[in-house]
Amino acid sequence: MNRTIGVVLFDDAEELDFAGPWEVLTSACKDGDRVVTVAERAAPVRCAKGLRVVPDHTFDDCPALDVLLVPGGRGTRVEMKNDAMTSFVAKVGAQAEWTTSVCTGSFVLFAAGLLDGKLATTHWAAIDELRSHAPALDVDSDARWVVAGNVVTAAGVSAGIDMALWLVGQLYDVKHARDVQRYIQYDPAPPYQD
């Protein structure tokens, strides 16, 4: 089965929220699979730290997606009120095999109606903000990622890499996920731990 994985981009998206999972998912692709970027417009997107990215597709010409990933960043506060974004995410999320978010990308999933009645997470510094937007939402403040049916929300930034590796295990198999993990030399050993 050939899969198309879509990574949504928008102004002020956090770079590692999508670049980390992008690296994992593109490394995992088998023949016929692909990862594409999608944005509301074809113009370059200026991300949170200044990286500019040209999307592969717009919402209007996006191919059918089997997996959707929504990153976080300051821009989610604008995008959760953007009807074009929330309509696109709701439409794709209703048809995708998996819908995922990293960090405050969960705000967009919530605004698109994809977290109703589900458990979710987000960046530790945005837990209270997510709860203020969605008081009835069950938020796990300790998880690196949370699986709720076919919706997966990850905590902040590097947690997206963990979530993407878990997702590779679901899309393919655990051995393939371990091979990808080894290939990208993902073996975190932060120098300044408590």
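Keep in mind the model is a prediction, meaning the values are calculated, not measured.

> I'd like a rundown of the overall build of the protein chain, residues and numbers included.
Summing up its helical and strand segments, the protein chain has seven helices and eleven strands in all. For the protein chain, the C-alpha radius of gyration of 15 Å lies close to 16 Å, the compact-globule estimate for 194 residues. Across its three principal axes, the protein chain shows a C-alpha extent of roughly 45 × 40 × 35 Å. Here the protein chain holds 194 residues, and the buried ones make up 54% of them. The long-range share in the protein chain, meaning contacts at least 24 apart out of those at least 6 apart in sequence, stands at 65%. In the form shown here, the protein chain has an accessible surface area of approximately 9,500 Å², with 49% of it arising from carbon and sulfur atoms. Taken together, the 17 basic and 27 acidic charged side chains of the protein chain have centroids lying 2 Å from each other.

> Let's hear about the pattern of salt bridges: which residues, and what values?
Enumeration over the complete set of coordinates arrives at seven salt bridges. Between Arg3 and Glu97 there is a salt bridge; the shortest N-O distance is 3.2 Å. Residue Arg3 is found in the segment before β1 (4-8), and its partner Glu97 is found in the loop between α3 (83-95) and β7 (98-102); the two are separated by 94 residues along the sequence. According to the relative accessible area criterion, Arg3 is buried, its value standing at 10%.

> Kindly report on the pairing of β1, identifying the contributing residues and their values.
Of all five residues in β1, five are buried, a share of seventy percent or more. In this sheet, strand β6 (residues 67-70) lies alongside β1 in parallel orientation, the contact comprising three bridges. Residue Val7 lies in a different strand from β6, and its bridge partner there is Leu69.

> Any chance you could break down the state of the cysteines for me, citing the residues and the numbers?
Taken as a whole, this structure holds zero disulfides when the rule is applied. Here Cys47 is not cross-linked by a disulfide; its sulfur's nearest cysteine counterpart is in Cys103, at 13 Å.

> Tell me about the environment of Asp138, and name the residues and values.
Among the structural elements, Asp138 can be located in strand β9 (residues 138-139). On the accessibility criterion, Asp138 (49% relative accessible area) is partly exposed. Ignoring anything within four residues of it in the chain, the contact list for Asp138 reads Lys118, Leu119 and Ala120.

> How would you explain the packing of aromatic side chains if you had to name every residue and give the values?
Applying the stated criterion across every chain, the model contains two aromatic pairs. On the basis of an interplanar angle of 10° and a centroid distance of 4.2 Å, the ring pair of Phe59 and Phe88 is categorised as stacked. Taken together, the residues Phe59 in the loop between β5 (57-58) and β6 and Phe88 in helix α3 connect sequence positions 29 residues apart. Comparing Phe59 with Phe88 shows no difference in burial state: the two are buried. Sitting over the face of the ring of Tyr172, Arg3 holds its NZ or CZ atom 5.6 Å from the ring centroid.

> Hey, could you go over the side chain of Arg3 for me, with residue numbers and the actual values?
A polar atom in the side chain of Arg3 sits 3.2 Å from the side chain of Glu97. Excluding residues that lie within four positions of it along the chain, Arg3 makes contacts with Gly32, Asp33, Arg34, Asp66, Glu97, Leu171 and Tyr172.

> Could you give me a rundown of helix α7 (residues 174-183), with the residues and numbers involved?
Three or more residues of α7 are buried, namely His176, Ala177 and Val180. Down the axis of α7, the buried side of the element spans an arc of 100°, and every buried residue falls inside it. Opposite the packed face of α7, turned more than 90 degrees from it, sit the exposed residues Lys175, Arg178 and Arg182. Tucked inside the fold, the buried residues of α7 contact α1 (15-28) and α6 (159-171). Backbone nitrogen of Lys175 and a side-chain oxygen of the N-cap are separated by 3.1 Å at the start of α7; the cap is Asp173.

Analysis parameters
- Residues numbered from 1 in each chain as written.
- Predicted model: local features only at pLDDT ≥ 70, side-chain atom pairs only at ≥ 80, totals over all residues.
- Heavy atoms only, no water.
- Helix = DSSP H or I, 4+ residues; strand = E, 2+ residues; numbered from the N terminus.
- Rg over C-alpha atoms; globule rule 2.2 N^0.38 Å.
- Buried < 20%, exposed > 50% of the residue type's maximum accessible area, 1.4 Å probe, protein only.
- Contact = heavy atoms within 4.5 Å.
- Areas by Shrake-Rupley, 256 points an atom, 1.4 Å probe, with all protein chains shown as cover.
- Lys, Arg positive; Asp, Glu negative; His and termini not counted.
- Charge placed at Lys NZ, Arg CZ, Asp CG, Glu CD.
- Salt bridge = Lys/Arg side-chain N within 4 Å of Asp/Glu carboxyl O.
- Pairing = 2+ DSSP bridges.
- Disulfide = S-S within 2.5 Å.
- Phe/Tyr/Trp six-rings, centres within 6.5 Å; stacked < 30°, edge-to-face > 60°.
- Lys NZ or Arg CZ within 6 Å of the ring centre and 35° of its normal.
- Polar contact = N/O pair within 3.5 Å; in protein donor to acceptor, adjacent residues only side chain to side chain.
- Arc of directions from axis to C-beta.

Just distances and angles here, no functional claims.
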